[in-house]
Amino acid sequence: MRTSRLFIPAALLAFAAACATAPKAPEGVTARATLEPRSGSSVTGWATFTDRSTGGVRVEVHVENAPPGTHGLHVHERGDCSAPDASSAGAHFNPGGMPHAGPAELKRHAGDLGNIEIAANGKGDLELVTDLLTVKPGPNSVVGKALIFHEKRDDMTTQPTGDAGGRTACGVVR
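Residues numbered from 1 in each chain as written. Predicted model: local features only at pLDDT ≥ 70, side-chain atom pairs only at ≥ 80, totals over all residues. Heavy atoms only, no water.

Caption draft 1: Representation of the overall build of the protein. Counting secondary structure elements, the protein contains one helix and eight strands. Helices and strands appear in the protein in the N-to-C order α-β-β-β-β-β-β-β-β. Relative to its full complement of 174 residues, the protein shows a buried share of 40%. In the protein, of all internal contacts separated by at least 6 residues, the share reaching a separation of at least 24 is 59%. Of the accessible surface of the protein, which amounts to about 9300 Å², a share of 58% is contributed by carbon and sulfur atoms. (Helix = DSSP H or I, 4+ residues; strand = E, 2+ residues; numbered from the N terminus. Buried < 20%, exposed > 50% of the residue type's maximum accessible area, 1.4 Å probe, protein only. Contact = heavy atoms within 4.5 Å. Areas by Shrake-Rupley, 256 points an atom, 1.4 Å probe, with all protein chains shown as cover.)

Structure follows, in structure tokens:
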């Protein structure tokens, strides 16, 4: 009987130690978008936006059935993908009134995510952390906005769109 009393606490200590070294689950609140084709394209995909405990939002995007090459990716101001060309999503999400730029610039639209590279097989992935978006409610919340995949590369200088061309996929962030 004495052995079993010692065994239970030892097992619990071993379990607690294993939990402390195991990989952690996502850090915070997560929002998701499903990209659907627009403008006659066949582009599909998904995105997740996760609030990080250290600040900022981790953005993960996966795209399929897209033309190979470099394509602009932006969060737009309205979560409305109803128009055939996704024009219903409005302009880039820009609550700070900043100029268009790349995701590494201090002065940029909150929705400026830069470019995603699409391989010859039509697939591409983008991962980044941005300090200008949140998932939680507030003026910079990505929830209720649209994620747009563009037909061309974002040059990160042309105002206000980066000359990224048409909107070939759109997804509402929920």
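Caption draft 2: Representation of the sheet that holds strand β3 (residues 57–64). If you walk across this open sheet you meet the eight strands as β5-β4-β7-β8-β1-β2-β3-β6, and the pairing is antiparallel. Every other strand in the sheet has two partners, leaving β5 (112–118) and β6 (124–130) as the edge strands with one partner each. The average undirected angle you get between the axes of adjacent strands in this sheet is 20 degrees. Looking at chain direction, strand β7 (residues 146–150) and strand β8 (residues 167–172) are connected through five bridges and run antiparallel. Each residue of the ladder has a partner; that of Ala146, found in β8, is Val172. (Pairing = 2+ DSSP bridges. Axes fitted to C-alpha atoms, helices over the stretch in contact; angles between N-to-C directions.)

Caption draft 3: How the structure looks around the pattern of salt bridges. All told, the structure shown has six salt bridges when counted by the stated rule. For Arg38, the salt bridge goes to Glu36, with nearest N and O atoms at 3.8 Å. Residue Asp131 is joined to Arg108 by a salt bridge in which the shortest nitrogen-to-oxygen separation is 2.6 Å. Within this pair, whereas Asp131 is found in the loop between β6 and β7, its partner Arg108 is found in the loop between β4 (69–76) and β5, the two being separated by 23 residues in sequence. For Arg108, a relative accessible area of 6% puts it in the buried group. If you follow the salt bridges from partner to partner, you end up with Arg58, Glu60 and Glu127 in one network. (Salt bridge = Lys/Arg side-chain N within 4 Å of Asp/Glu carboxyl O.)

Caption draft 4: Main features of the environment of Val172. Residue position: Val172 is located in strand β8. Ignoring any residue separated from it by four or fewer positions in sequence, one finds Val172 in contact with Arg32, Ala33, Thr34, Gly79, Asp80, Cys81, Lys145 and Ala146.

Caption draft 5: The arrangement of the side chain of His100 in detail. Locating His100 in the fold gives a position in the loop between β4 and β5. There is a polar contact of 2.8 Å between the side chain of His100 and the side chain of Asp112. Within polar-contact distance, the side chain of His100 engages the side chain of Asp154 at 2.9 Å. Beyond its immediate chain neighbours, meaning those up to four positions away, His100 contacts His74, His92, His109, Asp112, Asp154, Met156, Thr157, Thr158, Gln159, Pro160, Thr161 and Gly162. (Polar contact = N/O pair within 3.5 Å; in protein donor to acceptor, adjacent residues only side chain to side chain.)

Function cannot be read off these values alone, since they describe shape.
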